[in-house]
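# Fold and geometry: a report
The lines below spell out each chain.
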Amino acid sequence: MAYNLFDKVPDNFFSILNCKNQRIYIDSLMILRNIFKSDLEIKRIDLKSSLIENLDFEITYIDFEEDVEEYVEIVKDNKTSEKASFIIRKLFNCGWIEFENQSGTFEELVSIPDYSIHMLDYIFNITNEKIKEYNGYVYTTYAVISGVAIDKGYSYQALNIAYSNTNHLVKELKSLYSNIKRYQKRITKTSDVNELLAIHFDDYKEKLFDTIYHPLKTIDSVPRFKNSIIKIMNDWLVDEELVDRMVQQGINAKVYANGDEGIIDVIDKITGIINIYREIENMIDS
């Protein structure tokens, strides 16, 4: 299967992330993301004002020399407002934003393509280490599959929610262990005592172990609901009527072309959830 990313995004989309001024472009993108979260419409003039307000110091001393051939007239006077306009134009030319005219006015609005929205969230999540919520994935899985015993009308949707949440849980656990290894690698490469103490107490112990790893092993919902989830999934496997109902619901939703395709997918998802939860406890205890 071919994955041609640049059929979806412009060829120069990532260029602002790999240039001399990458930091201020990333900061600008995060400002754009914040505005987008709170405002349905983004006026170009408001985005410019936000960049000037939030990047005042950075934008004053930024050097656009590598871009000067294309934008020499905009930045030659080294004015903050002109540099803010330059950044907005750069984001537009690289496909991060689009412009449209507000109906009935001469006001120009900034819109964000769907692929940019995904990338803005991705960059934000990478640069902001936050406490992961494992409980939600496990409890939601248990809640939706338990509800099928009462109402089988949404059993196919329940299976998909359970499968999706289970995979998200595994992804977060793998991310957790990667972070642990990253901190451990930093420790082995550091010889300065003060830096070692800072890594241990400020980063590893406070951010990672105390707030994430310790709760996961002691009060998280994985050990509480794991066995119940496995039992329900095993019951589903031998319930031919329920499996047929899920397959038919999938066919009605135009997901499956026929019953054979549906049965394979439903059985794969049920067994996948069982296998993952059997392995999760070993992952946590390792």
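So, a few notes on the structure that sits alongside this text. (Residues numbered from 1 in each chain as written. Predicted model: local features only at pLDDT ≥ 70, side-chain atom pairs only at ≥ 80, totals over all residues. Heavy atoms only, no water.)

### Here we look at unusual backbone geometry
Both trends apply: most residues other than glycine have a negative phi, and most peptide bonds are in trans. In the Ramachandran plot, Lys-254 falls in the positive-phi region, its phi being about 65° despite a non-glycine side chain. Note on placement: Lys-254 falls in the loop between helix H11 (240-252) and helix H12 (259-285). The exposure class assigned to Lys-254 is exposed, which follows from its relative accessible area of 74%. (Helix = DSSP H or I, 4+ residues; strand = E, 2+ residues; numbered from the N terminus. Buried < 20%, exposed > 50% of the residue type's maximum accessible area, 1.4 Å probe, protein only.)

### Thoughts on the nonpolar core
Counting residues in hydrophobic clusters, the biggest one holds 33 residues, and the most contacted among them are Tyr-25, Leu-29, Leu-32, Leu-47, Leu-51, Ile-87 and Trp-96. Broken down by secondary-structure element, the contributors of at least two residues to this core are helix H1 (22-38), helix H2 (44-54), helix H5 (80-93) and helix H6 (114-127). At 7 residues, the largest contribution of residues to this core is made by H1. (Core = buried A, V, L, I, M, F, W, Y, C linked by side-chain atoms within 4.5 Å.)

### Things to note about H5
The periodicity of an α-helix, 3.6 residues per turn, causes residues three or four positions apart to be oriented the same way. End to end, H5 covers 20 Å across 14 residues, agreeing with the expected 20 Å (1.5 Å per residue, within 8%). Buried within H5 we find Lys-83, Ala-84, Phe-86, Ile-87, Ile-88, Lys-90 and Leu-91. Directly after H5, the chain includes Gly-95, whose backbone phi takes a positive value near 85°. (Expected span 1.5 Å × (residues − 1).)

### Some points on the environment of Ser-85
On the secondary structure map, Ser-85 appears in helix H5. Side chain to side chain, Ser-85 and Lys-48 meet in a polar contact 3.2 Å long. (Polar contact = N/O pair within 3.5 Å; in protein donor to acceptor, adjacent residues only side chain to side chain.)

### A few points about the packing of aromatic side chains
Under the definition given, this model contains 8 aromatic pairs. Aromatic pair Tyr-156 and Tyr-256: ring centres 5.7 Å apart, planes at 80°, arrangement edge-to-face. On the criterion of sequence distance, the pair formed by Tyr-156 in helix H8 (residues 155-189) and Tyr-256 in the loop between H11 and H12 is long-range, its members being 100 residues apart. We classify Tyr-256 as buried; its relative accessible area is 6%. Aromatic ring contacts, followed pair by pair, group Phe-6, Phe-13, Phe-14, Trp-96 and Tyr-115 into a single cluster. When the ring centre of Phe-124 is taken as reference, the NZ or CZ atom of Arg-33 above it lies at 3.9 Å. The aromatic ring of Phe-99 is capped on one face by Arg-44, whose charged end is 4.2 Å from the ring centroid. (Phe/Tyr/Trp six-rings, centres within 6.5 Å; stacked < 30°, edge-to-face > 60°. Lys NZ or Arg CZ within 6 Å of the ring centre and 35° of its normal.)

### With respect to the pairing of strand S3 (residues 108-111)
Two strands pair when backbone bridges link them, and strand S1 (residues 42-43) and S3 are joined in this way by 2 bridges, in the antiparallel orientation. Across the sheet, the residue bridging to Lys-43 is Leu-109, located in S3. By the bridge criterion, 4 bridges tie strand S2 (residues 98-101) to S3 in an arrangement that is antiparallel. Counterpart to Phe-99 in the pairing with S3 is Val-110. (Pairing = 2+ DSSP bridges.)

### Considerations on the packing of H1 against H2
At a closest axis distance of 10 Å, the pairing of H1 and H2 adopts a crossing angle of 125°. Classified by the interaxial angle, the pair formed by H1 and H2 is oblique. You can see that H1 and H2 cross each other, and the crossing is right-handed. Along the contact surface, H1 presents Ser-28, Ile-31, Leu-32 and Ile-35, while H2 presents Leu-47, Ser-50, Leu-51 and Asn-54. (Axes fitted to C-alpha atoms, helices over the stretch in contact; angles between N-to-C directions. Parallel < 35°, antiparallel > 145°, perpendicular 65-115°, else oblique. Left-handed = near helix turned anticlockwise from the far one by under 90°. Contact = heavy atoms within 4.5 Å.)

### A closer look at the packing of helix H7 (residues 134-147) against helix H10 (residues 222-237)
Running from amino to carboxyl end, H7 crosses H10 at an angle of 35°, the nearest separation of the two axes being 10 Å. Judged by the twist between their axes, the crossing of H7 over H10 is left-handed. Note on element contacts: H10 touches H7 through Val-222, Phe-225, Ser-228, Ile-229, Ile-232, Met-233 and Trp-236, opposite Val-138, Tyr-139, Thr-141, Tyr-142, Ile-145 and Ser-146. The residue inventory of the contact of H7 with H10, partitioned by class, reads 10 nonpolar, 3 polar and no charged. (Nonpolar A, V, L, I, M, F, W, Y, C, P; charged D, E, K, R; others polar.)

Take it as geometry only, folks, not as evidence of what the structure does.
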